[in-house]
Each structure stands twice: as C-alpha cells, then as structure tokens.
Amino acid sequence: MRLAIIFLALLCSPLLAAEADDDEKEAAEATTEKASEKEKEEEAAKEPTEAELIELALTNMSKLKGYHVEAVLDTPGGKATLSADLGEGSISIIGKDVKGVVKHRIATDGKFYLSLDAGKTWKTDEEADKEVTIMFSNLLTAPATPLKEIWEKGEFTSEEVEVKGEELVHITRPAKGKDSGAEWWLVEEKGLRKTFEDPLFVRKTIMTVEADDITFLITATFTKLSKPAAIKAPKL
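Residues numbered from 1 in each chain as written. Predicted model: local features only at pLDDT ≥ 70, side-chain atom pairs only at ≥ 80, totals over all residues. Heavy atoms only, no water.

Trainee: Explain the confidence of the model for the chain residue by residue, including any values.
Mentor: Looking at the chain as a whole, its pLDDT mean stands at 85, while 83% of the residues score no less than 70. In the model, residues 2-12 has pLDDT below 50 throughout and makes zero contacts with residues more than four positions away in sequence or in other chains. (pLDDT = per-residue confidence, 0-100. Contact = heavy atoms within 4.5 Å.)

Trainee: Lay out a negative patch on the surface with the relevant residues and their values.
Mentor: A cluster of acidic residues, Glu-52, Glu-55, Glu-149 and Glu-152, forms a negative patch on the protein surface. Elements with a minimum of two residues in the negative patch: α2 (50-62) and α4 (148-152). You can see Glu-152 is positioned in helix α4. The exposure class of Glu-152 is exposed, given its relative accessible area of 56%. (Patch = residues over 30% accessible without salt bridge, like charges linked within 9 Å, V, L, I, M, F, W, Y side chains within 5 Å. Areas by Shrake-Rupley, 256 points an atom, 1.4 Å probe, with all protein chains shown as cover. Salt bridge = Lys/Arg side-chain N within 4 Å of Asp/Glu carboxyl O. Lys, Arg positive; Asp, Glu negative; His and termini not counted. Charge placed at Lys NZ, Arg CZ, Asp CG, Glu CD. Helix = DSSP H or I, 4+ residues; strand = E, 2+ residues; numbered from the N terminus. Buried < 20%, exposed > 50% of the residue type's maximum accessible area, 1.4 Å probe, protein only.)

Trainee: Explain the sheet that holds strand β9 (residues 182-188) to me, and be specific about the residues and the numbers.
Mentor: Ordered by their spatial adjacency, 11 strands build an open sheet running β6-β5-β4-β3-β2-β1-β11-β10-β9-β8-β7, and the pairing between neighbours is antiparallel. Every interior strand has two partners, whereas the edge strands, β6 (123-124) and β7 (157-163), have only one. Bridging between strand β1 (residues 67-75) and strand β2 (residues 78-87) involves nine bridges; their strand directions are antiparallel. Across the sheet, residue Val-72 finds its bridge partner in β2, namely Thr-81. Sitting on the sheet, helix α3 (residues 130-141) is in contact with β1, β2, β3 (90-96), β4 (102-108), β5 (111-115), β10 (200-210) and β11 (215-223), with an inclination near 95 degrees to β3. (Pairing = 2+ DSSP bridges. Axes fitted to C-alpha atoms, helices over the stretch in contact; angles between N-to-C directions.)

Trainee: I'd love a proper account of α2, names of residues and values included.
Mentor: The end-to-end C-alpha distance of α2 is 19 Å, a good match for the 18 Å that 13 residues give at a rise of 1.5 Å each. Those residues of α2 not exposed but buried are Ala-51, Leu-53, Ile-54, Ala-57, Leu-58, Asn-60 and Met-61. Tucked into the core, α2 has its buried residues touching β1, α4, β8 (166-173), β9, β10 and β11. (Expected span 1.5 Å × (residues − 1).)

Trainee: Could you give an account of the nonpolar core, with specific residues and numbers?
Mentor: If you look at the biggest cluster of nonpolar residues, it comprises 44 residues, and the most contacted ones within it are Met-61, Tyr-67, Trp-184 and Phe-222. Looking at this core element by element, the count peaks at six residues for α2. Ranked by size, the runner-up nonpolar core spans five residues in total, among them Val-161, Leu-168, Val-187 and Ile-206. (Core = buried A, V, L, I, M, F, W, Y, C linked by side-chain atoms within 4.5 Å.)

Trainee: Help me get a handle on α3, residues and values and all.
Mentor: Its 12 residues give α3 an end-to-end C-alpha distance of 17 Å, which sits within 8% of 16 Å, the value for a rise of 1.5 Å per residue. For α3, the full list of buried residues reads Thr-133, Phe-136, Ser-137, Leu-139 and Leu-140. Mapping the buried residues of α3 onto a view down its axis gives an arc of 165 degrees, with all of them on the same face. (Arc of directions from axis to C-beta.)

Trainee: Which residues make up the pattern of salt bridges, and what are the values?
Mentor: Throughout the structure, instances matching the rule amount to four salt bridges. When the shortest N-O distance is used, the salt bridge between Arg-105 and Asp-129 registers 3.3 Å. Taken as a pair, Arg-105 in strand β4 and Asp-129 in the loop between β6 and α3 lie far apart in primary sequence, 24 residues in all. Overall, the relative accessible area of 26% leaves Asp-129 in the partly exposed class. Arg-203 is paired through a salt bridge with Glu-189; the nearest N and O atoms lie 3.0 Å apart. Here Arg-203 is found in strand β10, whereas its partner Glu-189 is found in the loop between β9 and β10, with 14 residues between them in sequence. Here Arg-203 falls in the buried class, since its relative accessible area comes to 10%.

Next up, the structure:
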C-alpha cells in the first residue's frame, strides 16, 4: 500500500509541478499586462493635449525675430491678400484689396512708407497711411499671438498629416455657440532645434476675425521662421 502511495505521488508530482508552472506563468503574464497598461496610461498622461500643443506653438511664434506670412482674407466684399515679411520692429506688406488694387507698405525704424506703383515712388509721414499699416500688422501677427482664450475655449480634435513633404499636426476646434471654429497646422521647425528646446510652431492657421464693423475669415501661412527678413527703408 505504501509503495502504491509513493508511486501515485511520483506520478502526480510532475502534473502538480506543471500546474504550478502554469499558475506562475499566468501570474507573471497578469503582472506584465498590468505593468503594460500602467505604462500606457503613464505615456498617455505625459502626451500633451491639443490645447497644450497650440499654447506651445503660439508661445514659440511670439519669440521669433521674424517670419514670412501669406494671408487670404475672405471678406463679405470679396477676397483680399496680404504678403508680408516681418523683422525685428519692422514689416513689409504687399496687399491686394478686393478690387485688385496693390499697395506696398513698409514700416521700419519708426517710420512708415507707402507705394502705389510697385515701389517706383513712395509716400511718407502723414501720406503713408500709417493707421492702416498698423492694422494690417496686427492682423498678420494675431494668428501667431499666444492668447489664452485661443486654447482655453472649445474642444479639440487632432490628426497627423503630411503636406508638401512636411509632417504636421492638424488641430481643429469646431465652432460652438458664440465661439468660432479654428484650425491649426503645427510643425517642428528643424532649423530652430538649436534655439528652442521644443521647436513646435504654426505653419498654417484658419480663423475668424471680428473687427469693429466686419467679420471675416483669415487663412495665414507662416514660413521662413528661422530666417527673419532684414527690412530697410526704401530709397526716396
């Protein structure tokens, strides 16, 4: 009888060992799965939200010494365009209004200049339409200005897209109630990696502008972020 019990124990022990191994494997797999889920949760928590990405990109834009911007103004009266180079304390704007009239405006060293004939002749001082030049300057820099209400209002969706060989993050804020919709395309500017710890900037944006007596859509595209323009006063 004792021999039978011993034989039975010897026979069962591999089975018990196998079951123990299976239990250990299951426990290890469960532990690994939990650790993996925790890591995923931690990674998701570390990833910036769309609002944080917009805030970073706009803050970086405000620190630039200058850039080039192409803007289309979709107004109730038709489309107008602005093509501008911005430098430190200076701006050069070529604008075409809804009627096709082209004007070149320059502001530098505290002085304003206006040309109606593609730079052949220039008006200065009171004749240079200073107020309009300042208005256009504010309009072109507004889409790249870090205002809290831009990223603190509304819900955002995002997707990674490729446009003209560039990897961009496309962020959309749908219109809701009185808040207008907006879109941003954010890019990591390679030429500014040495200057900025996290070189995320705005490549393009579409948003609604509300002025005193007009509301219109502006589409602005920003380039030459690492090469600010050296704007000089025109020869009179």
